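Working through the structure, step by step
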Amino acid sequence: MDSVSLTSIAAFSYGVAAIGFVALAVPLLTGWRRRAYGPVLTLACVATALWAAALASAAFDRMLWTDLSDAMEVARNAAWSLFLVVLLGDYHQKGSRLPFGLRPALFVAAVCYLLALGAAFAGYWDLSLLDSVLPVTARVAQAVGGMLLVEQAYRNKTAQERWAIKFVCLAIGGMFAYDFYLYSHAMLFREVDPDIWAARGVVNALTVPLIAISMRRAKSWSSPLAVSRRAMFHSAALFGSAIYLLAMGSAGYYLRYFGGSWGTVMQVTFLFGALLLLAGILFSGTFRAWLKVFISKHFYSYGYDYREEWMRFTRTLSNGGENLGERAIQAVAALVESPGGQLWQRREGGADGVGSYEPAANWQGPEVDVKEPGDSALCRFLERTQWVIDLGEIVTEPEKYDGLELPQWLKDYPRGWLVVPLMMGNKLFGFVVLQTARSPIKLNWEVIDLLDIAGSQAASYLAQQEAANALMVARQFESFNRMSTFVVHDLKNLVSQLSLMNANAAKHKDNPEFQADMLETVSLSVQKMRLMLQKLSRIDVEEKPAPQPLETVVRQAMAQKAAFEPRPQLRVVDAGLRVLADRERLERVLGHLIQNAIEATPKDGSVTIALARAGEAVQVEIADTGEGMSEEFIRERLFKPFESTKSAGMGIGVFESREYINELGGRLEVSSQPLRGTTFKVILPLFQRDALLERAA
């Protein structure tokens, strides 16, 4: 394509862009300018229209650019950057002595644009001067800065505001991105590509509809937002990387230019090394810590984004796992960019009863196995003042710490920096020793207050874990004690049987029937005690229920009560019934109920046991003609553990019976009237093999 055709295309391209932005500026100049951001957007559209018209005029004269078009391009970039800054909303700084109360970074950017504008009018902005990298490098920097502002403006808006501004951000970002491509290409090949230059006008014209769409949504553009530290950190890293790559690219060009036959090899090797160096810097923890501190010092009036810090702090402590001590150190250390530390926690005991602080966890630091007495000067000072101790400051200015003498192990702690107390109310729960930060941090009141509250929060998490562990141990003892209580209850019943047998031995010692009954009773008692000992030694062994013939279990329970009067009588209505249960526990439960019925009934009374089927359940009915119980007693005291009307009773037999019956999926019903007797109904699910196989299938 010849130069005449190319300039004609460029004239048409930039002419279309000029007409488009003029059409966009008309409603802005008439009425829309009275809305928010109207004046700044009007300025940007007018500057862009004048810039496009200047380039179209230059194309008619068969030139690609002029000093006027260069100056208008700087003005256009400055106008759109100003619009993005205003859209971002956070351009003032409290207490700033700069004009309009600007932030230092924005003031520097404004000065750079003014210098660029002056250079353009003076003819030093001409792209024909490609032997000097300044014009093209400055244009690339403007494009990069514009893209960063677009990213910041969009990132720091809510979902509703993003819906309103997404098209204008896309349009402005597209203009700056195309400029970056154009000038990066020119920097690389040392000449401006005419085709890319000619298409630039149409590309800018295509952004007009996008801006118009956003203008219709302009009511939702604004909100009082500030740039988050995370966004500023990423933007600063991106901007610094872009500047670094531009500088390295320029240096690489000179190496190729002056390197002769080795020029290309030297350029490729240099650029590869530069990329490796950049990657190493970006992944360096020390550099990231320095950049965070630098941003907090120079761009914000306060040092922390408390929402982000507290979310990260809580998230670190709340993560699952058993190494809570390490996570507590990590969470506190991250607040001051410390690379590691060690935690000491209070342990009660000792010969003097004072206790001591012992190493509990270590995170990326040297392990020091030293116990600090609870009444030492260090611990008393931390508990009394709740201060964060700067180990460097206490050496140079000991008067600030009331002449506190540090223990020798703390003086020798490698790279020791801070001692952070972990307070629970007014009591010292523990303390954390942190190592020197990766980047120098000034310990002002903001940092110290944050460490104080973080230490208290970490102490609460650690104390909660200790309480949970203590509760688990207490529950284990409670389970053992509960089992012991039931065993004692069973032993009491066995002692009653053996005592009654011993009392009748002298009277019936020559009776063969009594002797046989006595031997059976002793044998069963020994068997029961052996089972109880096994229970105590294997308290955590899970029971395995199995199908049990209920009639056999009931007869076994009755046989153990054969020495008592009145003797219980069994009536089997339905034979062959089975239930799914642990044989020994079910026998003990039924034995409790039968024993209670016998003890509540006079010798001339009766105790009857009926075994029958009730639908899909089995019913064991134990009825006596004894003293009976009132409704109030049944409701308020019968099933309450450790409540008993017997002088030697423990009050847990009926409670255990009901608990186990409920565990089997059954229920225990009671009906009684004073002086007329009591009836207990044990209702359990019927075990049917055919039904079980059907459910399994």
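Computed from a prediction, not measured in an experiment: that's the story for all the values here.

1. Re the overall build of the protein
When you go through the protein residue by residue, the secondary structure sums to 23 helices and 13 strands. Put simply, of all contacts in the protein between residues at least 6 apart along the chain, 69% involve residues at least 24 apart. Of the roughly 36,500 Å² of accessible surface on the protein, a fraction of 59% belongs to carbon and sulfur atoms.

2. Focus on the packing of aromatic side chains
What the rule picks out here adds up to 11 aromatic pairs. The interplanar angle of 75° and the centroid separation of 6.2 Å between the aromatic rings of Trp-387 and Tyr-401 together place this pair among those described as edge-to-face. With Trp-387 in the loop between helix 14 (377-385) and strand 4 (389-390) and Tyr-401 in the loop between helix 15 (393-396) and helix 16 (408-411), this residue pair connects regions lying 14 residues apart in the sequence. Site record: aromatic cluster; members linked through ring pairs are Trp-344, Tyr-357, Trp-409 and Phe-431. Arg-200 extends its terminal NZ or CZ atom over the ring of Trp-197, reaching a point 5.2 Å from the ring centre.

3. Considerations on the confidence of the model for the protein
Overall, the prediction assigns the protein a mean pLDDT of 76, with 69% of residues at 70 or greater. Between residues 222-227, whose pLDDT stays under 50, and residues either more than four places distant or in other chains, the model counts 20 contacts.

4. Brief notes about the side chain of Gln-435
Structurally, Gln-435 can be placed in strand 6 (residues 427-435). In this structure, Gln-435 is in contact with Ser-338, Pro-339, Gly-340, Gln-364, Gly-365, Pro-366, Tyr-413, Pro-414, Arg-415 and Trp-417, ignoring residues within four places of it in sequence.

5. Re the pattern of salt bridges
Under the criterion given, the structure shown has 16 salt bridges. Of the charged contacts, one joins Arg-384 and Asp-402 as a salt bridge, the two residues approaching to 3.8 Å between their closest N and O atoms. Remark: Asp-402 occurs in the loop between helix 15 and helix 16 and Arg-384 occurs in helix 14; sequence separation between them is 18 residues. Owing to a relative accessible area of 59%, Asp-402 belongs among the exposed residues under this scheme.

6. Describing the sheet that holds strand 8 (residues 569-572)
Either a parallel or an antiparallel arrangement is found when strands of a sheet pair, and the pairing is made through backbone hydrogen bonds. If you trace the five strands from one edge of the open sheet to the other, you get 8-10-11-13-12, paired in mixed fashion. Each having just a single partner strand, strand 8 and strand 12 (667-673) make up the two edges of the open sheet. Strand-to-strand twist of the sheet, defined as the mean angle between neighbouring strand axes without regard to direction, takes the value 15°. As paired elements, strand 12 and strand 13 (residues 677-685) share seven bridges and run antiparallel to each other. Paired with Glu-669 across the two strands is Lys-681, which belongs to strand 13. In the packing of helix 19 (residues 550-559) onto the sheet, the strands contacted are strand 8, strand 10 (607-614) and strand 11 (617-624), and the crossing angle to strand 8 comes to about 170°. Most of the contacts of helix 20 (residues 583-599) go to strand 11, to which it runs at about 25°, and overall it touches strand 10, strand 11, strand 12 and strand 13.

7. Looking at helix 13 (residues 324-334)
Counted residue by residue, helix 13 has eight buried out of 11 residues, so it is predominantly covered. When helix 13 is considered as a whole, its buried residues turn out to be Leu-324, Gly-325, Arg-327, Ala-328, Ile-329, Ala-331, Val-332 and Ala-333.

8. Details of the packing of helix 19 against helix 20
The relative placement of two packed helices comes down to the angle between their axes together with the axis-to-axis distance. The geometry of helix 19 relative to helix 20 is characterised by a closest axis approach of 9 Å and an angle of 55° between their N-to-C directions. If you check the angle between helix 19 and helix 20, you find them oblique. Judged by the twist between their axes, the crossing of helix 19 over helix 20 is right-handed. Residues Leu-550, Thr-552, Val-553, Val-554, Gln-556, Ala-557 and Met-558 of helix 19 form the contact with helix 20, whose participating residues are Arg-583, Leu-586, Glu-587, Leu-590, Gly-591 and Ile-594. Of the residues contributing to the contact of helix 19 with helix 20, the split by class is eight nonpolar, three polar and two charged.

9. Regarding the sheet that holds strand 5 (residues 416-424)
What the six strands build is an open sheet, ordered 3-2-1-6-5-4; its pairing is antiparallel. Strands at the two margins of the open sheet, each flanked by one partner only, are strand 3 (372-373) and strand 4. Bridge count between strand 1 (residues 341-347) and strand 6: five bridges; the pairing is antiparallel. What sits directly across from Gln-342, in strand 6, is Val-433.

10. Examining the packing of helix 6 (residues 159-189) against helix 7 (residues 194-205)
Running from N to C, helix 6 and helix 7 point in directions that differ by 175°, and their axes come no closer than 10 Å. Relative to helix 7, helix 6 is oriented roughly antiparallel. From helix 6, Met-175, Tyr-178, Asp-179, Tyr-181, Leu-182, Tyr-183 and His-185 reach across to helix 7, where they touch Ile-196, Trp-197, Ala-199, Arg-200, Val-203 and Asn-204.

11. Looking at unusual backbone geometry
One non-glycine residue, Arg-415, lies in the positive phi region at around 55°. Position of Arg-415 among the secondary structure elements: in the loop between helix 16 and strand 5. Located in the positive-phi region is Leu-675, a residue other than glycine, with phi close to 70°. Along the chain, Leu-675 turns up in the loop between strand 12 and strand 13.

12. Focus on the environment of Leu-43
Tracing the chain through its elements places Leu-43 in helix 2 (residues 38-60). Sequence-wise, Leu-43 and Trp-80 are 37 residues apart; in three dimensions their C-alpha atoms are separated by 8.6 Å. Apart from residues lying up to four places away in sequence, Leu-43 is in contact with Ala-79 and Leu-82.

13. Comments concerning helix 8 (residues 207-216)
At 3.6 residues per turn, the α-helix brings residues three or four places apart onto the same side. Buried residues of helix 8: Thr-207, Val-208, Ile-211, Ser-214 and Met-215, and no others. In a view along the axis of helix 8, the buried residues occupy a sector of 125°, so they form one face of it.

14. Digging into the pairing of strand 5
Taking burial as the measure, the nine residues of strand 5 include seven buried ones, the bulk of the element. Inspection of the sheet shows strand 4 paired to strand 5 by two bridges, in the antiparallel sense. Bridge assignment links Asp-390 to a residue of strand 5, and that residue is Leu-418. As paired strands, strand 5 and strand 6 are joined by eight bridges and run antiparallel to one another. Counterpart to Met-423 in the pairing with strand 6 is Leu-428.

Thresholds applied
- Residues numbered from 1 in each chain as written.
- Predicted model: local features only at pLDDT ≥ 70, side-chain atom pairs only at ≥ 80, totals over all residues.
- Heavy atoms only, no water.
- Helix = DSSP H or I, 4+ residues; strand = E, 2+ residues; numbered from the N terminus.
- Contact = heavy atoms within 4.5 Å.
- Areas by Shrake-Rupley, 256 points an atom, 1.4 Å probe, with all protein chains shown as cover.
- Phe/Tyr/Trp six-rings, centres within 6.5 Å; stacked < 30°, edge-to-face > 60°.
- Lys NZ or Arg CZ within 6 Å of the ring centre and 35° of its normal.
- pLDDT = per-residue confidence, 0-100.
- Salt bridge = Lys/Arg side-chain N within 4 Å of Asp/Glu carboxyl O.
- Buried < 20%, exposed > 50% of the residue type's maximum accessible area, 1.4 Å probe, protein only.
- Pairing = 2+ DSSP bridges.
- Axes fitted to C-alpha atoms, helices over the stretch in contact; angles between N-to-C directions.
- Parallel < 35°, antiparallel > 145°, perpendicular 65-115°, else oblique.
- Left-handed = near helix turned anticlockwise from the far one by under 90°.
- Nonpolar A, V, L, I, M, F, W, Y, C, P; charged D, E, K, R; others polar.
- Arc of directions from axis to C-beta.

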